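# Overview (structure and organization)
For reference, the chains in residue letters:
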Amino acid sequence: MALNWVWTGFFIVAFATAVVRWLLGEVGIFQALLTAMFDGARAGFEISLGLAGIMALWLGLMRVGERAGMVELLARLAGPLLRRLFPAVPDGHPAQGAMTLNISANLLGLDNAATPLGLKAMQELQTLNREPSGTVSNAQIMFVVMNTAGLTLIPTSVIAIRQSVALKQGLGAGFNAADIFLPTLLVTFASLLAGVLAVAVAQRLPLWRARLWLPLLAVGGLLAAAVAGLARLPAERAAQVAGTTGAAVILGVVLLFLLAGTWRRVNMYDAFIDGAKEGFGVAVQIIPYLIAILVAIGVFRAAGCMDALLSAIGAGVAALGWNTDFLPALPVGLMKVLSGAGARGFMIDVLQAHGVDSFVGRLAAIIQGSTETTFYVLAVYFGSVGVKHHRHALACALLADAVGLVAAIGVGYAMWR
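I will try to describe carefully the structure that is included in this document. Note that the structure is a prediction, hence the values are computed from the model and not measured.

Structurally, Leu222 is set in helix α9 (residues 210-231). Residues Leu222 and Leu186 lie 36 residues apart in sequence; the distance between their C-alpha atoms is 9.4 Å.

Written as structure tokens, this is what we have:
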């Protein structure tokens, strides 16, 4: 419903602005809006077609990893940590297994596998819910907030979209779509940490133990040190190092999947084909959504509304003495809370308008890859168990989103400005 109002509002505001500009003597404004509509529809279709092959490749490889047992391996590694975050869930309860599998699938970017596992986890957690009818439990809040933080090891779809747009912009083999890997990982880690801390404080969980936080702080410290080191390099050199690191890690993960599949005698070719079919279907499925949002954004931009909005925000930011280069990427973060499809459209609009290898292009990709559609996740997960009273879930999730957005801007400036 929220996206419906946003989408309709883009057209209404754009047309009203166009009428005013026409009355002021800009006779070509309606033609500009019509051209923007057609261009947005064509761009959405072309990008989706380019995305089909890349998504088929990625989801095919991810399916190999899934059947090779990598999801179960991650689940076993995450088990000890989750026991401390969910003290009300007994050891060996089915909810524990479903939660670890869901988080592991999210880490690998297996969204289609993660959601069913997450819904199963919510149903199992509901059997332990001792709150009044229709009220969410502490464990369910922690689980959902962790999902809204969007922790992903490899931002598969964002990398695929960047590669597709880069091909359309004529960038050759020198372009590395994986140069957002390291900053995205740091930002999503910061968002997850903020969300978990917020829930822990609200629920008064006894999490202040060295055995729990030392590993997390060690990982966070390593990521922060890596970004700090890259920040000392020139922007082009930092992008090159980050891209090389991201490409090496992703190729290493793929090699690990193949080796694990070989060890476990998985029919990797059939697994890849199954995943690739799903990837092609995903790319085709998003065509109408992508066209809808790109057309709306195109009309909004052609009417001058986007420039006016960013100028107003920029004036406020500049009044505080801050740099305003990040502003074109800001709508991605604001929309992502409401709609993943809408944020994807904003990101593609930024990539097309400013260049896929520009500062704001990279920043928009980091924001898209490190945040989650909070309202959608809350609606789907809580709706699956009939929960109506969300308690502090929304506040904690939005806090994690805000921390993620600020962290993305900070990391972007540290590396590329």
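Turning our eyes to something else, we now look at the environment of Ser384. Note on placement: Ser384 falls in the loop between α17 (374-383) and α18 (393-416). A residue is classified by how much of its surface remains accessible, and Ser384, at 29% relative accessible area, is partly exposed. Ser384 sits 265 residues away from Leu119 along the chain, and the two C-alpha atoms are 6.7 Å apart. What Ser384 contacts, discounting residues up to four positions off in sequence, is Leu119 and Met122.

All right, on to the packing of aromatic side chains then. Centre distance and the angle of the planes are the two values used to describe a pair of aromatic rings. In this structure the tally under the stated criterion is six aromatic pairs. Ring centres of Phe11 and Phe15 lie 6.0 Å apart, and the angle between their planes is 45°; this geometry places the pair in the tilted category. Taken together, the positions of Phe11 and Phe15, both in helix α1 (residues 2-23) and four residues apart, correspond to about one turn of that helix. One aromatic cluster in this structure is built from Phe10, Phe300 and Phe346.

Another aspect to go through is helix α16 (residues 359-370). Across its twelve residues, α16 extends 17 Å between first and last C-alpha, which sits within 8% of the 16 Å expected from 1.5 Å per residue. In terms of burial, α16 is largely enclosed, as twelve of its twelve residues are buried. Of all the residues in α16, the buried ones are Phe359, Val360, Gly361, Arg362, Leu363, Ala364, Ala365, Ile366, Ile367, Gln368, Gly369 and Ser370. Its side-chain oxygen 3.0 Å from the backbone nitrogen of Gly361, Ser358 forms the N-cap of α16.

Two elements in contact, helix α8 (residues 181-203) and α18, have axes whose closest approach is 8 Å; the angle formed by their N-to-C orientations is 150°. As far as their axial angle goes, α18 and α8 are roughly antiparallel. Of the two possible hands of crossing, α8 and α18 adopt the one that is right-handed. In this structure, α8 uses Pro183, Leu186, Val187, Ala190, Ser191, Ala194, Gly195, Ala198 and Val199 to contact α18, whose residues at the interface are Cys396, Leu399, Ala400, Asp401, Val403, Gly404, Ala407, Ala408, Val411, Met415 and Trp416. Counted by class, the contact of α8 with α18 contains 16 nonpolar, three polar and one charged residues.

Attention now moves to the pattern of salt bridges. Applying the stated criterion across every chain yields a total of three salt bridges. Between Asp39 and Arg42 there is a salt bridge; the shortest N-O distance is 2.6 Å. With a gap of three residues between them, Asp39 and Arg42 both fall in helix α2 (residues 29-67), about one helical turn apart. Residue classification places Arg42 among the partly exposed positions, given a relative accessible area of 45%. Notably, a salt bridge pairs Arg67 with Asp274, separated by 2.7 Å at the nearest N-O pair. Taken as a pair, Arg67 in helix α2 and Asp274 in helix α11 (residues 268-285) lie far apart in primary sequence, 207 residues in all. Asp274 gets classed as partly exposed once you look at its relative accessible area, which sits at 29%.

To continue, consider helix α6 (residues 138-148). A large share of α6 lies buried, amounting to ten of its eleven residues. Every buried residue belonging to α6 is among Ala139, Gln140, Ile141, Met142, Phe143, Val144, Val145, Met146, Asn147 and Thr148, and all of these are buried.

A cluster of nonpolar side chains, Val19, Trp22, Leu23, Val27 and Phe30, forms an exposed patch at the surface whose accessible area comes to about 520 Å². Here the nonpolar patch gets three residues from one element, more than from any other, and that element is α1. Here Phe30 lies in helix α2.

Turning our eyes to something else, we now look at the environment of Ala408. Here Ala408 shows up in helix α18. The class of Ala408 is buried, set by a relative accessible area of 0%. Residues Ala408 and Gly333, 75 residues apart in the sequence, show an inter-C-alpha distance of 9.5 Å. Discounting chain neighbours no more than four positions away, the residues touching Ala408 are Val187, Leu363, Ile366 and Ile367.

Before going further, it helps to spend a moment on the packing of α6 against α18. When two helices pack together, you describe them by how their axes are tilted relative to each other and by the distance separating the axes. α18 packs onto α6 with a crossing angle of 25° between their chain directions and a minimal axis gap of 9 Å. By the criterion of interaxial angle, the relationship of α6 to α18 is roughly parallel. Once α6 is placed against α18, the crossing between them reads as right-handed. Counting all contacts with α6, which are made through Ile141, Val145 and Thr148, the residues of α18 involved are Ala393, Cys396, Ala397 and Asp401. Classifying every residue of the contact of α6 with α18 by side-chain character gives five nonpolar, one polar and one charged.

Moving on, we get to the nonpolar core. Soluble globular proteins: nonpolar side chains tend toward being buried together. By size, the foremost hydrophobic cluster in this structure holds 58 residues, and its most contacted members are Phe10, Phe326, Val332, Phe346, Met347, Leu363 and Ile367. Per element, the largest residue contribution to this core is eight residues, and it comes from α18. In this view, Phe346 contacts Phe10, Ile297, Met306, Pro331, Val332 and Met335; residues no more than four positions away in its chain are not counted. Among the nonpolar cores identified, the runner-up in size contains 33 residues, and Phe86, Ala95, Ala149 and Val385 belong to it.

Criteria and thresholds
Residues numbered from 1 in each chain as written. Predicted model: local features only at pLDDT ≥ 70, side-chain atom pairs only at ≥ 80, totals over all residues. Heavy atoms only, no water. Helix = DSSP H or I, 4+ residues; strand = E, 2+ residues; numbered from the N terminus. Buried < 20%, exposed > 50% of the residue type's maximum accessible area, 1.4 Å probe, protein only. Contact = heavy atoms within 4.5 Å. Phe/Tyr/Trp six-rings, centres within 6.5 Å; stacked < 30°, edge-to-face > 60°. Expected span 1.5 Å × (residues − 1). Polar contact = N/O pair within 3.5 Å; in protein donor to acceptor, adjacent residues only side chain to side chain. Axes fitted to C-alpha atoms, helices over the stretch in contact; angles between N-to-C directions. Parallel < 35°, antiparallel > 145°, perpendicular 65-115°, else oblique. Left-handed = near helix turned anticlockwise from the far one by under 90°. Nonpolar A, V, L, I, M, F, W, Y, C, P; charged D, E, K, R; others polar. Salt bridge = Lys/Arg side-chain N within 4 Å of Asp/Glu carboxyl O. Patch = residues over 30% accessible without salt bridge, like charges linked within 9 Å, V, L, I, M, F, W, Y side chains within 5 Å. Areas by Shrake-Rupley, 256 points an atom, 1.4 Å probe, with all protein chains shown as cover. Core = buried A, V, L, I, M, F, W, Y, C linked by side-chain atoms within 4.5 Å.

Scope: geometric values only; no functional claims are made or implied.
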